[in-house]
Amino acid sequence: MPRWIAILVLSLGLVASMVSPASASAPTPPPTGTDFDYQLGGKAPLPANVGIVVRDRSAKPAKHAYSICYVNGFQTQPDEKRFWRHGHPRLLLREDGRPVKDEVWGEWLLDIRTPAKRKALARIMGRWVKGCAKHGYRGVEFDNLDSFTRSHHLLKAKHAKKYARLLVRAAHRNGLAVAQKNWAGWDGTTVGYDFAIAEECGRWRECRAYVDDYDDQVLVVEYRRRDFRFTCRHWGDRLAVVLRDVDLTPDGVHDYC
């Protein structure tokens, strides 16, 4: 090999070794000092005071707000039962051969008891999270972290923590910040959660628990006006709080502290 070719090959190799593969940008948590809205039941216009919004992964993110992608990470969506029943039946939590159901929402619980099942579920969620990032979302909420409390004692808190760690890693790989959804009293920062979304923490007097772990990176949703007033009075100067109707309809209640 001529000496000049050898030098060229060596130089190209050195340059290649100095250039790292393309990777997602570092996750950025939601901004503070702005209101937020919770729009899982359908998109609605955002008033000027709202700089953060949560929408279902099937919906488009808001163009001029920090958008958080909703993914039901620990249970099934009611309209996705065919996907789970026929495509991934072994990943459904079962008791006496029948899927265990969250009776309030009619959702099946996912089986996160073994490492193999947690990894399989995390791969599915990872694909969905990748889609969220591709469409312009900047954060993700994995709902029903506390599904073990509705599992007829089949799931344990330790299963939820181990699975949550996998979900957080999948989101971070795609450049998305991750919200701990509910389960007050457990510090989700230990597995990498970046902020929290707390439903009715004013009603249940749990806001302090989230603030202790996440400081002002807590987004609060209340569904009863008296709880909303209480939360605004005690936390409205520090946290973003929204009052929504429980069905989260687009033309329903949207009030802010």
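We now turn to the structure provided with this report. Given the structure is predicted, the values throughout are model-derived calculations rather than measurements.

Remarks on the state of the cysteines
Okay, so step 1: Counted by the stated rule, this structure contains 3 disulfides.
Okay, so step 2: The disulfide partner of cysteine 69 is cysteine 132, and the S-S distance across this bridge is 2.1 Å. Here cysteine 132 lies in helix α3 (residues 115-134) and cysteine 69 lies in strand β3 (residues 66-71), a separation of 63 residues in the sequence. This pair shows no difference in class: cysteine 69 is buried, exactly as cysteine 132 is.

Observations regarding a nonpolar patch on the surface
Okay, so step 1: Together, Val104, Trp105 and Val246 line one region of the surface with nonpolar side chains, adding up to about 340 Å² of accessible area.
Okay, so step 2: Here tryptophan 105 is to be found in the loop between β6 (101-102) and β7 (107-108).

Regarding the packing of aromatic side chains
Okay, so step 1: The tally for this structure, following the rule as stated, stands at 8 aromatic pairs.
Okay, so step 2: Geometrically, the ring pair formed by phenylalanine 74 and tyrosine 163 is edge-to-face, given 4.8 Å between the ring centres and 75° between the ring planes. Pair noted here: phenylalanine 74 is in the loop between β3 and α2 (81-87) and tyrosine 163 is in helix α4 (residues 157-173), with a separation of 89 residues, a long-range link. Both residues of the pair, phenylalanine 74 and tyrosine 163, count as buried.
Okay, so step 3: Over the face of the ring belonging to tryptophan 128 we find arginine 57, whose NZ or CZ atom lies 3.8 Å from the ring centre.
Okay, so step 4: Here the guanidinium or amino end of arginine 205 rests over the ring plane of phenylalanine 230, the centre of that ring lying 3.6 Å away.

A look at the nonpolar core
Okay, so step 1: Counting residues in hydrophobic clusters, the biggest one holds 53 residues, and the most contacted among them are Phe74, Trp84, Met125, Phe142 and Tyr193.
Okay, so step 2: Sorting elements by how many residues they give to this core places α3 first, with 8 residues.
Okay, so step 3: Other than its neighbours up to four places away in sequence, methionine 125 contacts Val71, Asn72, Gly73, Trp84, Leu110, Phe142, Tyr163 and Leu167.
Okay, so step 4: Membership of the second largest hydrophobic core comes to 19 residues, among which are Ile52, Ile68, Ile197 and Leu248.

A closer look at the pairing of strand β8 (residues 139-142)
Okay, so step 1: Burial along β8 is two-sided: Gly139 and Glu141 facing one way and Val140 and Phe142 facing the other are all buried.
Okay, so step 2: Strand direction decides the pairing type here: β3 and β8, joined by 4 bridges, are parallel. If you follow valine 71 over to β8, its bridge partner there is phenylalanine 142.
Okay, so step 3: With α4 bridging β8 and the parallel strand β9 (residues 177-181), this β-α-β connection has right-handed handedness.

Cut-offs applied
- Residues numbered from 1 in each chain as written.
- Predicted model: local features only at pLDDT ≥ 70, side-chain atom pairs only at ≥ 80, totals over all residues.
- Heavy atoms only, no water.
- Disulfide = S-S within 2.5 Å.
- Helix = DSSP H or I, 4+ residues; strand = E, 2+ residues; numbered from the N terminus.
- Buried < 20%, exposed > 50% of the residue type's maximum accessible area, 1.4 Å probe, protein only.
- Patch = residues over 30% accessible without salt bridge, like charges linked within 9 Å, V, L, I, M, F, W, Y side chains within 5 Å.
- Areas by Shrake-Rupley, 256 points an atom, 1.4 Å probe, with all protein chains shown as cover.
- Salt bridge = Lys/Arg side-chain N within 4 Å of Asp/Glu carboxyl O.
- Phe/Tyr/Trp six-rings, centres within 6.5 Å; stacked < 30°, edge-to-face > 60°.
- Lys NZ or Arg CZ within 6 Å of the ring centre and 35° of its normal.
- Core = buried A, V, L, I, M, F, W, Y, C linked by side-chain atoms within 4.5 Å.
- Contact = heavy atoms within 4.5 Å.
- Pairing = 2+ DSSP bridges.
- Right-handed = clockwise from strand over helix to strand, strands pointing away.

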